[in-house]
Amino acid sequence: QGFMLFWERPKDLSAALDRLLADPLIGAHIDRQRIGAAGFSLGGYTVLAIAGGQFDPDRFDAFCASAQRDFTCRPQAEFPDARRQFEALGSGNAVVQESLARARDSYQDARIGAVFAIAPVLGGGFAKRGLKSIRVPVEIVIGEADSVAPVPTNARYFTSNIKDSRLIVLPGGIGHYTFLADCTPEGLQGLPICRDAKGVERSLVHRQVSQMALEFFERTFTRGRPGT
């Protein structure tokens, strides 16, 4: 059920942060002025939502019924049966219905000071005004060959409507699932999401994007500090 209740994910992040900050061993080591969020795919949506972006499921349904619809509207390779299972719940699941009533709420967490999103999805579910509440620096990285979260309707749409944002499109055959972990030989043999385009070295892309994230957060969180 929870896979389709996207807006529950930023709440999960806030709850995890609550626990980390309150932890007697970990909390004292966290600089509360330098808390960032990073995520991939639905995790990319999640970090944009926790920064203040407001998702509208009705808008997303309308987008998916339009000529502009993209692959985010279709069953995804990692959970192809998700929508059918979700719709089978009908109106009889009280937990799901309660969550659906909160789908358009803001889940902004003021403790988040910057966001790094990798190939974020669900751009079609955000009105331009639903992105105006994001007032922290945002950097988005995506592969040019991403057919799951196409650049125009997702990454570029987000950065076009978030004031302090930057888009980096990695050229060549880098696709959506290139950002997943390296696969075992068995995975490479049996799972299409494990296979990258010819000439793409997944581990190299990971190192490159990790460095981008590190530099983004360092640059963002040193703005305005003495000596910077």
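Cut-offs used in this document
- Residues numbered from 1 in each chain as written.
- Predicted model: local features only at pLDDT ≥ 70, side-chain atom pairs only at ≥ 80, totals over all residues.
- Heavy atoms only, no water.
- Disulfide = S-S within 2.5 Å.
- Buried < 20%, exposed > 50% of the residue type's maximum accessible area, 1.4 Å probe, protein only.
- Helix = DSSP H or I, 4+ residues; strand = E, 2+ residues; numbered from the N terminus.
- Pairing = 2+ DSSP bridges.
- Phe/Tyr/Trp six-rings, centres within 6.5 Å; stacked < 30°, edge-to-face > 60°.
- Contact = heavy atoms within 4.5 Å.
- Salt bridge = Lys/Arg side-chain N within 4 Å of Asp/Glu carboxyl O.
- Expected span 1.5 Å × (residues − 1).
- Arc of directions from axis to C-beta.
- Axes fitted to C-alpha atoms, helices over the stretch in contact; angles between N-to-C directions.

Draft legend 1. The state of the cysteines, seen in detail. Under the criterion given, the structure shown has two disulfides. The disulfide partner of Cys64 is Cys73, and the S-S distance across this bridge is 2.1 Å. Here Cys64 and Cys73 share a disulfide; its torsion about the S-S bond, -85°, makes the bridge left-handed. Comparing Cys64 with Cys73 shows no difference in burial state: the two are buried. Along the protein chain, the cysteines engaged in disulfide bonds are linked according to the scheme 1-2, 3-4 when indexed in sequence order.

Draft legend 2. Representation of unusual backbone geometry in the model. A positive phi angle, near 65°, is found at Ser41, a position not held by glycine. Topologically, Ser41 is positioned in the loop between strand 1 (36-40) and helix 2 (42-50). Its identity as a non-glycine residue notwithstanding, Leu122 has a phi of 70°, on the positive side. Locating Leu122 in the fold gives a position in the loop between strand 2 (114-118) and strand 3 (138-143). Assessed through its relative accessible area of 4%, Leu122 is described here as buried.

Draft legend 3. The pairing of strand 1, seen in detail. Side chains Ala37 and Gly39 project from strand 1 onto a buried face, and the interleaved Gly36, Ala38 and Phe40 project onto a face without burial. Summarising the sheet, strand 1 and strand 2 pair through five bridges and their orientation is parallel. Paired with Ala37 across the strands is Val115, a residue of strand 2.

Draft legend 4. Highlighting the packing of aromatic side chains. What the rule picks out here adds up to 16 aromatic pairs. Between Phe6 and Tyr45, the ring centres sit 6.4 Å apart and the planes meet at 70°, which makes this aromatic pair edge-to-face. Taken as a pair, Phe6 in the segment before helix 1 (8-22) and Tyr45 in helix 2 lie far apart in primary sequence, 39 residues in all. Take Phe6: its relative accessible area is 9%, and that puts it in the buried class.

Draft legend 5. Broad picture of the side chain of Thr178. Mapping Thr178 onto the fold places it in the loop between strand 4 (165-170) and helix 7 (185-190). Take Thr178: its relative accessible area is 2%, and that puts it in the buried class. Apart from residues no more than four positions distant in its own chain, Thr178 is found in contact with Asp196, Val200, Arg202, Val205 and His206.

Draft legend 6. Layout of the pattern of salt bridges. Applying the stated rule across the entire model yields 13 salt bridges. Close ionic contact of Arg84 with Asp81 constitutes a salt bridge, the shortest N to O distance being 2.9 Å. Among the residues examined, Asp81 registers a relative accessible area of 28% and is labelled partly exposed. A salt bridge links Glu139 to Arg219; its shortest N-O distance comes to 3.1 Å. One end of the pair, Glu139, is in strand 3; the other, Arg219, is in helix 8 (residues 202-221), with 80 residues separating them in the sequence. On the basis of relative accessibility, which here comes to 3%, the residue Glu139 falls in the buried class. Here the salt bridges share partners, and the residues they tie into one network are Glu8, Lys11, Glu98 and Arg102.

Draft legend 7. Geometry of helix 8. Relative to the 28 Å expected for 20 residues at 1.5 Å per residue, helix 8 spans 29 Å between its end C-alpha atoms, a close match to the ideal helical length. Listed in full, the buried residues belonging to helix 8 are Arg202, Val205, Val209, Met212, Ala213, Phe216, Phe217, Thr220 and Phe221. The arc that holds every buried residue of helix 8, seen down its axis, measures 140°, which confines them to one face. Buried residues in helix 8 make contact with strand 1, strand 2, strand 3 and strand 4.

Draft legend 8. Up close: the sheet that holds strand 4. Reading across the sheet, the four strands line up as 1-2-3-4 and stay open at both edges, with parallel pairing between neighbours. Strands at the two margins of the open sheet, each flanked by one partner only, are strand 1 and strand 4. When strand polarity is set aside, the average angle formed by the axes of neighbouring strands in this sheet is 10°. Bridge count for strand 3 against strand 4 is six bridges, and the pairing is parallel. From the neighbouring strand, Val138 faces strand 4, where its bridge partner is Ser165. Sitting on the sheet, helix 2 touches strand 1, strand 2 and strand 3, and the angle it makes with strand 1 is about 150°. Each of strand 1, strand 2, strand 3 and strand 4 touches helix 8; the most contacted strand, strand 2, lies at about 165° to it.

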